[in-house]
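Residue strings, one per chain:
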Amino acid sequence: MSTQSQAACPTTALPSVSVIVPVCGRRSELRTLYTQYKAGIAAVGLPFEFIFVLDGDRTDASRTLQQMLEEGEDFTMISLTRSFGEAAALMAGFERASGSVIITLPAYHQIEPQDIPKLVAALGSSDMAIGYRSPRYGNWLDRMRRSAFHGLVNFVTGSRLQDIGCGARAMRRQVFEEMDLYGDQHRFMAILAARLGFRVSEVAMRQSPQDRHERVYRPKEYAHHVLDLFSIFFLVRFTKRPLRFFGMLGAATFGIGAAVIAFLSVQRLFFDEKLADRPALLLGALLVVLGMQVFALGLLGELIIFTHARGMKDYRVQEVIQYPETVASSAEVTDVEPADGRNREIRQTAPPAMTA
């Protein structure tokens, strides 16, 4: 295990902070970036480790990191067999992280490293802290595009986020343990964490001067973002209530089809209109059948959820308080965050005495 620590902390101690840097398509010069990040993390004053995850064949990045290791730098480098995406790279890094606090940082200059301690400090009142670049630079087109996208995200998910594209995040280990990322869901980590019941906060961080350039996105990327947003919308709103989504969609489709058929039936019965060669009849029948199938799909999803409901936890306990004599005699107190005593869990180690 690669472990870095301050002089006041023994180098053999397990790191309190694990920094995961996914190296994907966009990246800066890693040697300079690592030096700046390390200085920012060292200001936290806790033992730390760095984990670089190379997503696929990144020959230049791999060569640079190997040279740094040969020069005595202390970090872990993970190379994936092919490009799986940033979300998979983050999960691969977390599997090898040992810190109680997980920090993710982009492999390019995005925020000022001096502001990294602010992320860790925000965990005193939240479970996950995400950075947002402020002040944010860009021309009027960039500002309009960002406002429109974040407005759509906040409207669909019910969140109030300002910069979901920022890769600087800090979270308690438990957040990552209960989160399964895939595809491009790393952008929506804060939304997924809030869905799981964790407290999420935003921290203003200065934007790096090297991140102030105009961005040009292809239409394909916008299409991908919209599809990702749709998947997040379904995961946040209807993961455990599939019948509400498919039921509403199926009922609407069925209703339109039934209305078309009813209209044609009225024309045939009372106005002597012929039904032959009427494409609307075929369309109405198709919508009715399709609506029934969509509704049945939602019902099937409900049956699956019901079958596995016993093993699915749909709540999160923040604190359990018992009487002092019960705690002293038969319970063990574990502090997840010793600083302020929140998220305290009391576990029974012996059953209490039964009374008549």
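Along every chain, residues carry numbers that run from 1 in the direction the sequence is written. The predicted origin of the model limits local features to residues at a pLDDT of at least 70 and limits the giving and counting of side-chain atom pairs to 80 or more, whereas totals for whole chains, interfaces and linings rest on all residues. Based on all heavy atoms of the structure, the side-chain values leave hydrogens and waters out of the count.

(A) Highlighting a nonpolar patch on the surface. Patch definition: residues with relative accessible area over 30% and no salt bridge; like charges joined within 9 Å; nonpolar side chains (Val, Leu, Ile, Met, Phe, Trp, Tyr) joined within 5 Å. To be clear on the numbers: accessible area is Shrake-Rupley with a 1.4 Å probe, and residue cover counts the displayed protein chains and nothing else. A side-chain nitrogen of Lys or Arg and a carboxyl oxygen of Asp or Glu constitute a salt bridge if their distance falls within 4 Å. On the surface, a nonpolar cluster with roughly 460 Å² of combined accessible area is contributed by L297, L299, L300, L303 and I304. Strands here mean DSSP runs of E at least two residues long; helices mean DSSP runs of H or I at least four residues long; both are numbered from the N terminus. With respect to the helices and strands, L297 occurs in helix α10 (residues 279-307).

(B) Expanded view of the packing of aromatic side chains. Two aromatic rings, drawn from Phe, Tyr or Trp (for Trp, its six-membered ring), form a pair once their centres lie within 6.5 Å of each other, and the interplanar angle then sorts them: stacked below 30 degrees, edge-to-face above 60, tilted otherwise. Scanning the model with the defined rule gives nine aromatic pairs in all. Look at F48 and F50: their rings are 6.0 Å apart centre to centre, the planes differ by 85°, and that puts the pair in the edge-to-face class. Note on F50: relative accessible area 0%, which makes it buried. A connected cluster of aromatic rings, assembled from ring pairs, spans Y34, F48, F50, F52 and F75. Above the ring of Y108, the side-chain terminus of R26 is found at 3.9 Å from the ring centroid. Remark: exposure states derive from per-residue accessible area (1.4 Å probe, protein chains only) relative to the maximum for the residue type, with buried under 20%, exposed over 50%, and partly exposed in between. Two limits define a charge over a ring: the Lys NZ or Arg CZ must be within 6 Å of the ring centre, and within 35 degrees of the ring normal.

(C) The arrangement of the side chain of Q267 in detail. The topology assignment puts Q267 in helix α9 (residues 242-270). A distance of 3.0 Å separates polar atoms of two side chains, one belonging to Q267 and the other to R278. Not counting residues within four places of it along the chain, the set of residues in contact with Q267 comprises D272, E273 and R278. Pairs of N or O atoms within 3.5 Å make up the polar contacts considered here, provided that, within protein, one atom can donate a hydrogen while the other can accept it, and that residues adjacent in sequence are counted only when both atoms are side-chain atoms. Contact definition: two residues touch when any of their heavy atoms are within 4.5 Å.

(D) Focus on the pattern of salt bridges. Across all of its chains, the model carries 14 salt bridges by this definition. The salt bridge involving E73 is made with K38; its shortest N-O contact spans 3.1 Å. Linking E73 in the loop between α2 (59-70) and β3 (76-79) with K38 in helix α1 (residues 30-42), this pair joins segments that are 35 residues apart in sequence. Among the salt bridges present, the one from D211 reaches R133, with a minimum N-O distance of 2.9 Å. Taken as a pair, D211 in the loop between β7 (200-205) and α8 (219-238) and R133 in strand β5 (residues 128-133) lie far apart in primary sequence, 78 residues in all. Using a relative accessible area of 0% as the deciding quantity, one classes D211 as buried. Salt bridges sharing common partners tie together R26, R133, R136, D163 and D211.

(E) Representation of the packing of α8 against α9. Fitting a line to C-alpha atoms yields each axis, with helices limited to the stretch in contact; the angle taken between N-to-C directions then spans 0 to 180 degrees. In the contact formed by α8 and α9, the axes pass within 8 Å of each other and the chain directions differ by 120°. As summarised for this structure, α8 and α9 are arranged oblique, according to the angle between their axes. Taken together, the residues of α9 that come into contact with α8 (itself represented by F230, F233, F234 and F238) are P242, R244, F245, F246 and M248. Here the residues of the contact of α8 with α9 are counted per class, giving eight nonpolar, no polar and one charged. Just so you know how the angles are binned, under 35 degrees is roughly parallel, over 145 roughly antiparallel, 65 to 115 roughly perpendicular, and the rest oblique. Residue classes follow a fixed rule: Ala, Val, Leu, Ile, Met, Phe, Trp, Tyr, Cys and Pro count as nonpolar, while Asp, Glu, Lys and Arg count as charged, and any other residue, Gly among them, counts as polar.

(F) Summary view of the pairing of β3. Where strand β2 (residues 48-54) lies against β3, four bridges are found, and the strand directions are parallel. The residue of β3 that forms the bridge with V53 is I78. We call a crossover right-handed when, viewed with the strands running away from us, the connection from the first strand over the helix to the second turns clockwise. Read from β2 through α2 to β3, the crossover connection turns out right-handed. Paired strands, as defined in this entry, are two strands with at least two bridges between them according to DSSP.

(G) α2, seen in detail. For α2, which comprises 12 residues, the first-to-last C-alpha distance of 16 Å matches the rise-based estimate of 16 Å (1.5 Å per residue) to within 8%. Every buried residue belonging to α2 is among A61, S62, T64, L65 and M68, and all of these are buried. The buried residues of α2 occupy an angular sector of 165° when the element is viewed end-on, so they sit on one face. Among the residues trailing α2, G72 stands out with phi positive, at a value near 105°. Here, expected helix span is obtained from the residue count minus one, scaled by 1.5 Å. By definition, the arc is the one covered by directions from the helix axis to the C-beta atoms.

(H) Highlighting helix α5 (residues 140-157). With 18 residues, α5 extends 26 Å between its outermost C-alpha atoms, agreeing within 8% with the 26 Å of an ideal straight helix rising 1.5 Å per residue. Those residues of α5 that sit buried are D142, R145, R146, H150, V153, N154, V156 and T157. Here the buried residues of α5 occupy an arc of 165° about the axis, which is enough to place them on one side. The exposed set on the far side of α5, more than 90 degrees from its buried face, consists of W140, S147, A148 and F155. Tucked inside the fold, the buried residues of α5 contact α7 (189-195) and α8.

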